[in-house]
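Coordinate inspection notes
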Amino acid sequence: MAGYMIVRVEVTDWEQYQEYMAVTPDILAQYNGRFIVRGGQTATLEGPEESARVVVVEFPSFDEAVRFYNSPEYSAARKLREGAATAHFLAVEGV
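Figured I'd write up the structure that's included with this text. Computed from a predicted model, the values in this text were never measured in an experiment.

1. Remarks on helix α1 (residues 14-30)
- A rise of 1.5 Å per residue sets the reference length of α1, with its 17 residues, at 24 Å; its end C-alpha atoms lie 25 Å apart and thus fit the reference within 8%.
- Where α1 bends most, the angle comes to about 30°, and this point is Thr 24, followed within four residues by the proline Pro 25.
- Looking at α1, one finds that the buried residues are Tyr 17, Tyr 20, Thr 24, Ile 27 and Leu 28.
- Of the surrounding elements, those touching the buried residues of α1 are β1 (3-11), β2 (34-38), β3 (53-59), α2 (62-70), α3 (72-81) and β4 (85-93).

2. Observations concerning the pairing of β1
- Burial along β1 is one-sided: Gly 3, Met 5, Val 7, Val 9 and Val 11 are buried, while Tyr 4, Ile 6, Arg 8 and Glu 10, pointing the other way, are not.
- The pairing of β1 with β3 spans 7 bridges and is classified as antiparallel. Its bridge partner lying in β3, Gly 3 is registered against Phe 59.
- Relative to β4, β1 runs antiparallel, the two sharing 9 bridges. Bridge assignment links Val 9 to a residue of β4, and that residue is Ala 87.

3. A closer look at the environment of Ala 85
- As for its position among the elements, Ala 85 is in strand β4.
- Since its relative accessible area comes to 12%, Ala 85 is described here as buried.
- For the pair Ala 85 and Glu 10, spaced 75 residues apart in sequence, the C-alpha to C-alpha distance is 5.4 Å.
- When sequence neighbours within four positions are dropped, the list of residues in contact with Ala 85 reads Val 9, Glu 10, Val 11, Thr 12 and Tyr 17.

4. What to know about empty space enclosed by the protein
- Throughout the structure, instances matching the rule amount to 1 cavity of 30 Å³ or more.
- Estimates place the volume of the largest cavity at around 180 Å³.
- Tyr 20, Thr 24, Phe 35, Val 55 and Tyr 74 are the residues nearest the centre of the largest cavity, which is lined by 17 residues in total.
- Taken together, the elements giving at least two residues each to the lining of the largest cavity come down to β1, α1, β2, β3 and α3.
- Ranked by residues supplied to the lining of the largest cavity, first place goes to α1 with 5 residues.
- Counted by class, the lining of the largest cavity contains 13 nonpolar, 1 polar and 3 charged residues.

5. Quick word on a nonpolar patch on the surface
- Taken together, the side chains of Ile 6, Leu 90 and Val 92 define a hydrophobic patch exposed on the protein surface, amounting to about 200 Å² of accessible area.
- Within the element layout of this structure, Ile 6 appears in strand β1.
- Ile 6 sits in the partly exposed class, given a relative accessible area of 34%.

The rules behind each value
- Residues numbered from 1 in each chain as written.
- Predicted model: local features only at pLDDT ≥ 70, side-chain atom pairs only at ≥ 80, totals over all residues.
- Heavy atoms only, no water.
- Helix = DSSP H or I, 4+ residues; strand = E, 2+ residues; numbered from the N terminus.
- Expected span 1.5 Å × (residues − 1).
- Bend = angle between axes of the 7 residues up to and from the residue.
- Buried < 20%, exposed > 50% of the residue type's maximum accessible area, 1.4 Å probe, protein only.
- Contact = heavy atoms within 4.5 Å.
- Pairing = 2+ DSSP bridges.
- 1 Å grid on protein atoms, 1.4 Å probe; cavity = no way out; pocket = protein on both sides within 12 Å on 5 of 7 lines; lining within 4 Å.
- Points joined across faces, edges and corners; volume = space filled by probe spheres on them.
- Nonpolar A, V, L, I, M, F, W, Y, C, P; charged D, E, K, R; others polar.
- Patch = residues over 30% accessible without salt bridge, like charges linked within 9 Å, V, L, I, M, F, W, Y side chains within 5 Å.
- Areas by Shrake-Rupley, 256 points an atom, 1.4 Å probe, with all protein chains shown as cover.
- Salt bridge = Lys/Arg side-chain N within 4 Å of Asp/Glu carboxyl O.

Now the structure itself:
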């Protein structure tokens, strides 16, 4: 069963955040992840207005999503994001 990572990011320093964005695709590929949504246009249809950058990543399983997030490779990448953005990560099991 697929697993998904849903991410909301408030970017405060786009120049530094781009360094983080440059390294994450290769790390995702190592853990069989693929972007479903990576920023782009949004429209709030119900609830409070969403202003954060939204990212959705698909993995072969929930466990693989968690393994990616806790991996040494991604831990190093997260350091590139420090001071450039605040993020909320959620792993969800698919149907």
